[in-house]
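A look at the structure
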Amino acid sequence: MKVNQEKMTAEINLMENNTYIVKEGRIEVVDALPQGFGKQIISWQNGKPVHTDISYSKKL
């Protein structure tokens, strides 16, 4: 991912499956699920993301 701090822009690859959080001028990738099925929950406080919860299950 290319980030231009001067212009406050980021270039992302649309061919990659990712979830991003932009907070206070910074962009970061949310951890992907290690395997199987799951969900990513992003908690917000005062209009800002503050916590991520990642859970998954695996079919046997």
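The paragraphs below set out a description of the structure included in this document. (Residues numbered from 1 in each chain as written. Predicted model: local features only at pLDDT ≥ 70, side-chain atom pairs only at ≥ 80, totals over all residues. Heavy atoms only, no water.)

1. Some words on the overall build of the protein chain
The helix and strand tally for the protein chain stands at zero helices and six strands. Counted from the first residue to the last, the protein chain has its helices and strands arranged as β-β-β-β-β-β. A compact globule built from 60 residues would reach a C-alpha radius of gyration of about 10 Å, whereas the protein chain, at 14 Å, exceeds it by more than 25%. If you line up the protein chain on its principal axes, its C-alpha atoms span 50 × 30 × 10 Å. Going through the 60 residues of the protein chain one by one, you find that 5% of them count as buried. In the protein chain, once contacts between residues fewer than 6 apart in sequence are set aside, the share between residues at least 24 apart is 15%. Roughly 5400 Å² of accessible area belongs to the protein chain as shown, and the carbon and sulfur atoms make up 49% of that amount. (Helix = DSSP H or I, 4+ residues; strand = E, 2+ residues; numbered from the N terminus. Rg over C-alpha atoms; globule rule 2.2 N^0.38 Å. Buried < 20%, exposed > 50% of the residue type's maximum accessible area, 1.4 Å probe, protein only. Contact = heavy atoms within 4.5 Å. Areas by Shrake-Rupley, 256 points an atom, 1.4 Å probe, with all protein chains shown as cover.)

2. Section: the pattern of salt bridges
The final tally for this structure, using the stated rule, is one salt bridge. Of the charged contacts, one joins Lys-48 and Glu-24 as a salt bridge, the two residues approaching to 2.9 Å between their closest N and O atoms. Here Lys-48 is found in strand S6 (residues 48–57), whereas its partner Glu-24 is found in the loop between strand S3 (20–23) and strand S4 (26–29), with 24 residues between them in sequence. Under the relative-accessibility criterion, Lys-48 is labelled partly exposed at 37%. (Salt bridge = Lys/Arg side-chain N within 4 Å of Asp/Glu carboxyl O.)

3. A few points about the environment of Met-15
With respect to the secondary-structure elements, Met-15 resides in the loop between strand S2 (9–11) and S3. On the accessibility criterion, Met-15 (75% relative accessible area) is exposed. Along the primary structure Met-15 and Val-3 are separated by 12 residues, whereas in three dimensions their C-alpha atoms are 17 Å apart.

4. A look at unusual backbone geometry
Phi is positive for Met-8, which is not a glycine, with a value near 55°. Here Met-8 falls in the exposed class, since its relative accessible area comes to 53%. At Asn-46, a residue that is not glycine, the phi angle is positive and equals roughly 55°. Residue Asn-46 is classed as exposed on the basis of its relative accessible area, which comes to 74%.

5. Structural notes on the environment of Met-8
Here Met-8 lies in the loop between strand S1 (2–4) and S2. Taking the C-alpha atoms as reference, Met-8 lies 8.6 Å from Arg-26; in sequence the two are 18 residues apart.

Note that every value here comes from positions in space, so none of it alone points to a role or purpose.
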